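An overview of the molecular structure
Now for the letters of each chain:
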Amino acid sequence: MHDIKAIREDRDGFVKALSRRPAYAASAGAEADRILEKDKALRDVLVRLQTQQARRNEASKLIGQAKAKKDEALAAALMAEVSELKEGIQKGEQDQRDLEKDVRDLLAVLPNLPADDAPQGADEAANVAMPERAFGTPVQSNSAKQHFEIGEALGQMDFERAAKVSGARFVYLKGDLAKLERAIGAFMLDTHTEQFGYTEVSPPVLVKSGALFGTGQLPKFKDDLFRALAGDGAVHVGFVDTHNKSHEEVAKLIAEASVPSDEAGHWLVPTAEVPLTNYVADEILSEADLPLRFTAFTPCFRAEAGSAGRDTRGMIRMHQFSKVELVSITTPDQSDAEHERMTDAAQIILKKLDLAHRVVTLCTGDMGFGARKTYDIEVWLPGQNAFREISSCSNCGDFQARRMNTRFRNAEGKVQGPVHTLNGSGLAVGRTLVAILENYQQADGSVAIPDALQPYMGGRKVISKT
RNA sequence: GGACAGGUGGCCGAGUGGUUGAAGGCGCACGCCUGGAAAGUGUGUAACGGUGAAAGCCGUUCGAGGGUUCGAAUCCCUCCCUGUCCGCCA
């Protein structure tokens, strides 16, 4: 969420930054002007309304004093005056609510402004390589199998039965592959907590809509989410007047007043970023406690609404997958350094697993809604003969903090404004498993276990068909 | 799911229609006291918004949203959350 004051005070600067996102290249100016128009109308209403409220408050106090002095005539005169103000005040309050909602609704769907050093570009082709962060040598091989061929041949990865039970984009892992997923998660958590000071968290994976608004998935991206409703999801809303009505009439009125609402039920988290970041929602944190660093190993659920036909084979794009997430809450002046540190933490995992990868800075056309700057880590998959995203580390600046209403105060107790939030995968566990299968596959169909994971796999060195 | 009881400032906690943004306490900050500290003592200590060059002035906020009233932390309605008991349940 953008700071309306910032748009008001520097409209052109806002438009310039927003128009760096290709989707807003043409419309940024019009967006800003629509918002500013509503904002101006709101402030006009406030000036008028507050004058009336001030007089009402003053007169109300005088009424209390007059009544205390038994001066009923004065009290009656004042009450008549306030009575006349009432209509205007109620109208003003309604206008205020409407205009505040208008401004908020317009702001809520606008993406974050790219950082100055986020490269300009239309799509992923314009992402900028970071050679200083590249690691390892991609192994080209004509004989390399894809992960699902390896997993299915091992008899430990079953898409057909998953389709029977849950449909497309689900998988059963069994035996050593199921254990390997757990081992990868445990290895990642241990690394982040022990080497990087993250606090391990086991968060809720069903959340209310307010949390998804806070991190920016709602209201704009609800089609990407799964929703969990109790029963048929009907919710009783509003007041039903049962006076002098038959049972049938009351039942009908209740049914009419019961509708699915956007507030009803829960949503399945698309990433642990949501519960980890919203942990501090509506709080004023102490600067001394920052940065906060959280990590969690959770399932993630995504509808993949816009991905029909993409990555249909294998485990690359699932409705449900495991991920270890990293979230940092920092002061504004720390967030750039924290972004580099978080990316280091994510990369360490791949380095310890000896998996070749590269890192790119996303261009303005490829960045997510809430990010001001993003690094993607792409791991080499010899079976696909390609680099594939395995982590995305973003600095969201104060964008999520404004939506969540999370601020911090300094040592003197003075509120300093919104915190900065960052999130990154550390890493996608399913895709890490894919990368291990493809990079550690052996000619006989078995898969070597990376050294770093052997302690988590009972000291074993290889996964074979059982 | 049912029945009660609650949700007040950084924390605890008073407050059931009229100068209550809110007593009191804790915590915190600064001062006095002290050789220094503790104790004691004094003062201060919410957020957000509008307006203004600023000082300031004004408004809103006592879980959230509506309503009643000249006036709501206080009365009414809806929702959310917490606690206790019952039911069900991993």
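Nothing here was measured: the structure is a model prediction, and the numbers come from that model.

What follows concerns the overall build of chain A. From N to C terminus, chain A includes 13 helices and 20 strands. The proportion of buried residues among the 466 residues of chain A is 47%. Counting only contacts in chain A whose residues sit at least 6 apart along the sequence, the fraction spanning at least 24 positions is 74%. When the accessible area of chain A is evaluated, it comes to approximately 23,000 Å², of which 50% is carbon and sulfur surface. For chain A, the centre of its 58 positive side-chain charges and the centre of its 67 negative side-chain charges are spaced 1 Å apart.

A few words now on the pairing of strand E14 (residues 373-381). In terms of burial, E14 is largely enclosed, as nine of its nine residues are buried. Pairing geometry for strand E13 (residues 357-361) and E14, over five bridges, is antiparallel. Bridge pairing links valine 360 to aspartate 376 in E14. For E14 and strand E15 (residues 386-395), the ladder comprises nine bridges, and the chain directions are antiparallel. If you follow lysine 373 over to E15, its bridge partner there is asparagine 395.

Moving on to the sheet that holds strand E5 (residues 206-207). Here three strands make up an open sheet; going across it, the order is E5-E9-E6 and the pairing antiparallel. Since the sheet does not close on itself, it has two edges, and those belong to E5 and strand E6 (226-228), each with one partner.

Take the protein's contact with RNA strand B next. Taken together, 27 residues sit near RNA strand B, with Gln53, Arg56, Val82, Arg97 and Arg407 positioned nearest. Considering RNA strand B, the proportion of its atoms within 4 Å of the protein that are sugar or phosphate atoms stands at 77%. Lysine 86 places a polar side-chain atom, nitrogen or oxygen, 3.4 Å from a phosphate oxygen of RNA strand B. One of the side-chain N or O atoms of arginine 407 is found 2.7 Å from a sugar or linking oxygen in RNA strand B. Broken down by element, the residue count for the surface near RNA strand B peaks at 12 residues, all from helix H3 (residues 28-68).

This paragraph deals with the pairing of strand E18 (residues 420-428). By the criterion of burial, E18 is predominantly enclosed, with nine of the nine residues buried. Direction of pairing for strand E12 (residues 320-330) relative to E18: antiparallel, over a ladder of seven bridges. Each residue of the ladder has a partner; that of serine 328, found in E18, is leucine 422. The sheet contact formed by E15 and E18 spans three bridges and is antiparallel. By the bridge assignment, serine 394 is partnered in E18 with asparagine 423.

Our next topic: the domain arrangement of chain A. Looking at the assigned domains, one finds that chain A contains domain 1 (4-108), domain 2 (124-205 + 269-463) and domain 3 (207-268). Centre-to-centre, using C-alpha coordinates, domain 1 lies 45 Å away from domain 2. Interface area for domain 1 against domain 2, summed over the two sides, is near 470 Å², with a carbon-plus-sulfur share of 38%. The largest contributions to the domain 1 side of the interface with domain 2 come from Arg20, Arg21 and Ala108, which together make up 80% of the buried area. Counting across the interface, domain 1 meets domain 2 through zero salt bridges. Between domain 1 and domain 2 we count five residue pairs in polar contact (both at pLDDT 80 or more) in total. Within the side of domain 1 that touches domain 2, the residues separate by chemical class into two nonpolar, no polar and two charged.

This next bit is on the nonpolar core. Met157, Leu180 and Ile436 are the most contacted members of the largest nonpolar core, which has 54 residues in total. When residues in this core are grouped by element, the largest group, eight residues, is from helix H7 (residues 175-196). One finds Ile4, Val15, Leu107 and Phe213 within the second-largest nonpolar core, a separate group that totals 17 residues.

Pairing is mixed in the open sheet, where eight strands are placed in the order E1-E13-E14-E15-E18-E12-E11-E4. The open sheet has two free edges, formed respectively by strand E1 (128-129) and strand E4 (199-200), since each of these has just one partner strand. Relative to strand E11 (residues 292-301), H7 is tilted by about 170°, and along the sheet it contacts E4, E11, E12 and E18.

One pass over the full model with this rule turns up five aromatic pairs. Between phenylalanine 369 and phenylalanine 399, the ring centres sit 5.5 Å apart and the planes meet at 75°, which makes this aromatic pair edge-to-face. Here phenylalanine 399 lies in helix H12 (residues 399-404) and phenylalanine 369 lies in the loop between E13 and E14, a separation of 30 residues in the sequence. Comparing phenylalanine 369 with phenylalanine 399 shows no difference in burial state: the two are buried. Considering the side-chain rings of tryptophan 380 and phenylalanine 387, the 5.0 Å spacing of their centres and the 65° angle between planes classify their relative orientation as edge-to-face.

What counts and how
- Residues numbered from 1 in each chain as written.
- Chains lettered and ligands numbered in written order.
- Predicted model: local features only at pLDDT ≥ 70, side-chain atom pairs only at ≥ 80, totals over all residues.
- Heavy atoms only, no water.
- Helix = DSSP H or I, 4+ residues; strand = E, 2+ residues; numbered from the N terminus.
- Buried < 20%, exposed > 50% of the residue type's maximum accessible area, 1.4 Å probe, protein only.
- Contact = heavy atoms within 4.5 Å.
- Areas by Shrake-Rupley, 256 points an atom, 1.4 Å probe, with all protein chains shown as cover.
- Lys, Arg positive; Asp, Glu negative; His and termini not counted.
- Charge placed at Lys NZ, Arg CZ, Asp CG, Glu CD.
- Pairing = 2+ DSSP bridges.
- Near = heavy atom within 4 Å.
- Polar contact = N/O pair within 3.5 Å; in protein donor to acceptor, adjacent residues only side chain to side chain.
- Domains from an automatic or database assignment.
- Buried area = accessible area lost by both parts, 1.4 Å probe.
- Salt bridge = Lys/Arg side-chain N within 4 Å of Asp/Glu carboxyl O.
- Nonpolar A, V, L, I, M, F, W, Y, C, P; charged D, E, K, R; others polar.
- Core = buried A, V, L, I, M, F, W, Y, C linked by side-chain atoms within 4.5 Å.
- Axes fitted to C-alpha atoms, helices over the stretch in contact; angles between N-to-C directions.
- Phe/Tyr/Trp six-rings, centres within 6.5 Å; stacked < 30°, edge-to-face > 60°.

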